[in-house]
Amino acid sequence: MSCPGEEVAMEKSYGGIGGAPVTPFTKDNRLDLETFAKQVNFLIEQGVHLLCHPMHIGESISMTMEERKELARCLVEAAGGRVPTFVNVSVPGTDLNVELARHCEEVGATGMVLLSPYHWQPGKEAHIDHFMTVGGAVGIKMIAYNNVGATKVEISHDIMAHLIERLPNFVGLKDASFDMKYFTEACRISSEINPEFSVYTGIEFLLPSMPVGGAGAFSACAEVAPKLTLSLYDACANMDIEKARPLQFKVSNLLNLLMQNYPSTIKYAMEVMGRPVGETRKPILPLNSDEKVHVKETLTSLSILEEEHHGW
């Protein structure tokens, strides 16, 4: 039974820490939906503000359409209306995005996350048409995802402004450019058109981004250290710079670890924390013994093993 995330009220539209779960797999490489539901419940109980899945951390590009539909259904059911749920519907073809978007609307998701088309590098007109077609095909919310490294094309500020003005269900932008000029201008321009529009940083660089209007982050660290991640968000939301600075440095150290052999390192760190989710799918390989030692040593040095919750 699904419950639409529309019942959940949020400040700054859908701002906050977006939990981005990994995808658990069984030993024979099938979806482990039971463990996935545990992970969803864990993230909600730890305090994330919304859930977004399957992102790249969730190995979305290594799954079939049917697997992605099954995960969308499980995400909504496991969340049970407690937080908004956004489903990543991004694939290279616009019509395939529409198929996934309609499915996540059918299962009761709050909204979708939508990248620019992979590989095609569309011109401005085709780029706008892609978002208008998918966003206009459904009534649920849409968060666009600016990831030039993956798609080789940027959601320019004028495209963003065009979409905000013409798509009433366009509520946010996830920016993985890690370019402060781009991010700051995205916050400025969107706030002039719709003050409730949310601009997220791709991962947890919250101290540089929230003072200029950033709404939060899609989080890799929350899988391993939710207490630390949410403490950083709260400090930044309260503009407590002195408290936020050491937390940001600690989170940055954790990110430096987790982004190595991504997302395999995240999955192993979760295993160390008592939350095993299986291995990654190829081409991502599991960690070797030396890499595993490094993960444990880093988690120890950051006091994460001591300070964070173990198990589900």
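Up top is the structure these notes are about.
Since the model is a prediction, treat every value here as computed from it, not as a measurement.

### Examining the sheet that holds strand 2 (residues 50-53)
Piece 1. The strand order 1-2-3-4-5-6-7-8 describes a closed barrel built from 8 strands, whose pairing is parallel. On average, each strand axis in the sheet is tilted by 25° relative to the strand beside it, whichever way the strands run.
Piece 2. The pairing of strand 6 (residues 170-175) with strand 7 (residues 198-201) spans 4 bridges and is parallel. The residue bridging Asp 175 from the neighbouring strand is Thr 201, located in strand 7.

### Observations concerning the pairing of strand 6
Piece 1. In terms of burial, strand 6 is largely enclosed, as 6 of its 6 residues are buried.
Piece 2. With 5 bridges connecting them, strand 5 (residues 141-146) and strand 6 associate as parallel partners. By the bridge assignment for strand 6, Ile 143 is matched with Gly 172.
Piece 3. Taking the sense of rotation as the criterion, the β-α-β connection linking strand 6, helix 7 (residues 180-193) and strand 7 turns out right-handed.

### So, helix 4 (residues 124-136)
Piece 1. Under the 1.5 Å per step criterion, the end-to-end length of helix 4 is 18 Å for 13 residues, consistent within 8% with the ideal 18 Å.
Piece 2. Looking at the buried positions of helix 4, the neighbouring elements they touch are helix 3 (94-106), strand 4 (111-115), strand 5 and helix 6 (157-166).

### A word on the packing of aromatic side chains
Piece 1. Tallied over the full model, the rule gives 5 aromatic pairs.
Piece 2. With centroids separated by 5.4 Å and ring planes inclined at 75°, the aromatic side chains of Tyr 14 and Phe 86 adopt a geometry described as edge-to-face. Of the two residues, Tyr 14 is situated in the segment before strand 1 (16-19) and Phe 86 in strand 3 (residues 85-88); the sequence distance between them amounts to 72 residues. A single burial state applies to Tyr 14 and to Phe 86, both of which are buried.
Piece 3. A centroid spacing of 6.0 Å and a plane angle of 85° characterise the contact between Phe 178 and Phe 205, whose relative ring orientation is edge-to-face. With a gap of 27 residues between them, Phe 178 in the loop between strand 6 and helix 7 and Phe 205 in the loop between strand 7 and helix 8 (206-209) connect regions that are remote in the sequence.

### Notes on the pattern of salt bridges
Piece 1. In this structure the tally under the stated criterion is 12 salt bridges.
Piece 2. Residue Glu 70 pairs with Arg 73 through a salt bridge whose shortest N-O separation is 2.5 Å. Residue Glu 70 and its partner Arg 73 are both found in helix 2 (residues 65-79); the two are separated by 3 residues, about one turn of the helix.
Piece 3. Given a relative accessible area of 30%, Arg 73 falls into the partly exposed group.
Piece 4. Its salt-bridge partner being Glu 307, residue Lys 250 comes within 3.0 Å of it at the nearest N-O pair. In this pair, Lys 250 is assigned in helix 10 (residues 241-258) and Glu 307 in helix 13 (residues 304-307), connecting sequence segments 57 residues apart.
Piece 5. By relative accessible area, which is 40% here, Glu 307 ends up partly exposed.
Piece 6. Taken together, the shared-partner salt bridges connect Glu 66, Lys 69 and Glu 99 into one network.

Reading guide: rules and limits
- Residues numbered from 1 in each chain as written.
- Predicted model: local features only at pLDDT ≥ 70, side-chain atom pairs only at ≥ 80, totals over all residues.
- Heavy atoms only, no water.
- Pairing = 2+ DSSP bridges.
- Helix = DSSP H or I, 4+ residues; strand = E, 2+ residues; numbered from the N terminus.
- Axes fitted to C-alpha atoms, helices over the stretch in contact; angles between N-to-C directions.
- Buried < 20%, exposed > 50% of the residue type's maximum accessible area, 1.4 Å probe, protein only.
- Right-handed = clockwise from strand over helix to strand, strands pointing away.
- Expected span 1.5 Å × (residues − 1).
- Contact = heavy atoms within 4.5 Å.
- Phe/Tyr/Trp six-rings, centres within 6.5 Å; stacked < 30°, edge-to-face > 60°.
- Salt bridge = Lys/Arg side-chain N within 4 Å of Asp/Glu carboxyl O.

Shape is all these values report; function is a separate question.
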